[in-house]
Amino acid sequence: MAKIIVYYAHPGQTFSRANRAMAKRASNIEGITFVDLYAEYPRHDIDVGKEQTRLLEHDVIVFQFPLYWYSTPSLLKEWQDLVLQHGFAYGHGGDKLAGKTLLLAITAGGSDEAYTRDGYQQHTMRTFLTPLEQTAGLCQMRFPPPYVLFGALKADEGVELTHHIDGYVELLTRIRDDKFKLKDATAEELTCASDILSLSEE
């Protein structure tokens, strides 16, 4: 079984519908370590040693967050800045994460049409995620297609959100049970709930 750790980062959880519900379900999956970064480090006083030990103990590292100003929420960025140290994650002797996987689970307020070169965001989602993909590459980690929900602010709670959350749980469970082949993402590739839930019908 794959050892998974989910790092959940959302500074405005009170107003969240999708991420809060995703986090609630993910935190209840047996055999998966779940970390709410804003609950654990409300003053941003990240325990670097503790986090590096957590990384060493897991095979798949999941970043779950809403896309904030085309990036991660600030605490997750600080976590990266502090935890992924030279000599640990990259650079001379920095091969402790080699062979592990960095998976992103992201929500975006804009529609999928917005995240095109002709849309109002003017760039694809994968373009905005380039820094994280390159971080994974520098750390010798695999970077599979990110799991994305577009239009999260307007998603219908009864259908779209439930579908997305069920897909997220299915994805994590399949990875845990070694029933999902984690492949490196192609340039523009993303994963959505339909891709994952269709697997359960096979």
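What you are looking at is a predicted structure, and each value in this text was computed from that prediction instead of being measured.

**Looking at the layout of surface pockets**
Phase 1: Approximately 420 Å³ is the volume found for the largest pocket.
Phase 2: Every residue lining the largest pocket is counted, 21 residues in all, and those nearest its centre are Pro66, Leu67, Tyr68, Gly109 and Leu153.
Phase 3: The residue makeup of the lining of the largest pocket, split by class, is 12 nonpolar, eight polar and one charged.
Phase 4: In this structure, the second largest pocket occupies an estimated 260 Å³ of space.

**A word on helix α3 (residues 48-56)**
Phase 1: Along α3, the residues classified as buried are Val48, Glu51, Gln52, Arg54 and Leu55. Along the axis of α3, the buried residues cluster in a sector spanning 155°; they form a single face.
Phase 2: If you follow the buried residues of α3, they end up packed against β1 (4-8), β2 (32-36), α2 (37-40), β3 (60-66) and α4 (74-83).
Phase 3: N-cap assignment for α3: the residue whose side-chain oxygen lies 3.3 Å from the backbone N of glycine 49 is aspartate 47.

**Some points on the environment of lysine 154**
Phase 1: Residue placement: lysine 154 occurs in the loop between β5 (147-149) and α7 (157-176).
Phase 2: Judged by its relative accessible area of 79%, lysine 154 is exposed.
Phase 3: For the pair lysine 154 and glycine 109, spaced 45 residues apart in sequence, the C-alpha separation works out to 7.7 Å.
Phase 4: Look past the residues within four positions of lysine 154 in its chain and what remains in contact with it is Arg17 and Glu160.

**Observations regarding the UniProt feature "domain: Flavodoxin-like fold" (unreviewed entry) in the chain**
Phase 1: Summarizing the sequence annotation, UniProt attributes the feature "domain: Flavodoxin-like fold" (unreviewed entry) to residues 3-157 in the numbering used throughout.
Phase 2: Along residues 3-157 one finds 30% helix and 17% strand; the C-alpha atoms at either end are 30 Å apart.

**Structural notes on the packing of aromatic side chains**
Ring pairs (aromatic) are described by centroid distance and by the angle formed between their planes.
Phase 1: Enumeration according to the criterion identifies nine aromatic pairs in this entry.
Phase 2: Between the aromatic rings of tyrosine 7 and tryptophan 79, the centroid separation amounts to 4.7 Å while the plane-to-plane angle is 50°, which identifies the pairing as tilted. Of the two residues, tyrosine 7 is situated in strand β1 and tryptophan 79 in helix α4; the sequence distance between them amounts to 72 residues.
Phase 3: Ring geometry for tyrosine 8 versus phenylalanine 34: centroids 5.9 Å apart, planes at 35°, classification tilted. Placement of the pair is tyrosine 8 in strand β1 and phenylalanine 34 in strand β2, with a sequence separation of 26 residues.
Phase 4: Among the residues examined, tyrosine 8 registers a relative accessible area of 1% and is labelled buried.
Phase 5: Chaining the aromatic ring pairs together yields one cluster made of Trp69, Tyr70, Tyr115, Phe128 and Phe150.

**Observations regarding empty space enclosed by the protein**
Phase 1: Per the counting criterion, the structure on display carries one cavity of 30 Å³ or more.
Phase 2: In terms of lining residues, the largest cavity is bounded by Leu55, Ile61, Phe63, Trp79, Leu84, Leu102, Thr135, Ala136, Cys139 and Met141.
Phase 3: Contributions of two or more residues to the lining of the largest cavity are made by β3 and α6 (130-138).
Phase 4: Across the lining of the largest cavity, the residue classes break down as nine nonpolar, one polar and no charged.

**Some points on the environment of threonine 124**
Phase 1: Position of threonine 124 among the secondary structure elements: in the loop between β4 (101-107) and α5 (125-128).
Phase 2: Beyond its immediate stretch of four places on either side in the chain, threonine 124 contacts Tyr115, Arg117 and Glu188.
Phase 3: In terms of polar contacts, threonine 124 uses its side chain to reach the side chain of glutamate 188, at 2.9 Å.

**A word on the sheet that holds β4**
Phase 1: Across the sheet, which stays open at both edges, the five strands sit in the order β2-β1-β3-β4-β5 with parallel pairing between neighbours. In this open sheet, the two strands that pair with only one neighbour each are β2 and β5. Averaged over neighbouring strand pairs, the angle between their axes works out to 15° when direction is ignored.
Phase 2: Here β1 runs beside β3; their pairing, made up of five bridges, is parallel. Its bridge partner lying in β3, isoleucine 4 is registered against valine 60.

Reading the values: rules and limits
- Residues numbered from 1 in each chain as written.
- Predicted model: local features only at pLDDT ≥ 70, side-chain atom pairs only at ≥ 80, totals over all residues.
- Heavy atoms only, no water.
- 1 Å grid on protein atoms, 1.4 Å probe; cavity = no way out; pocket = protein on both sides within 12 Å on 5 of 7 lines; lining within 4 Å.
- Points joined across faces, edges and corners; volume = space filled by probe spheres on them.
- Nonpolar A, V, L, I, M, F, W, Y, C, P; charged D, E, K, R; others polar.
- Buried < 20%, exposed > 50% of the residue type's maximum accessible area, 1.4 Å probe, protein only.
- Helix = DSSP H or I, 4+ residues; strand = E, 2+ residues; numbered from the N terminus.
- Arc of directions from axis to C-beta.
- Contact = heavy atoms within 4.5 Å.
- Polar contact = N/O pair within 3.5 Å; in protein donor to acceptor, adjacent residues only side chain to side chain.
- UniProt positions renumbered as here; feature names shortened; annotations may be inferred.
- Phe/Tyr/Trp six-rings, centres within 6.5 Å; stacked < 30°, edge-to-face > 60°.
- Pairing = 2+ DSSP bridges.
- Axes fitted to C-alpha atoms, helices over the stretch in contact; angles between N-to-C directions.

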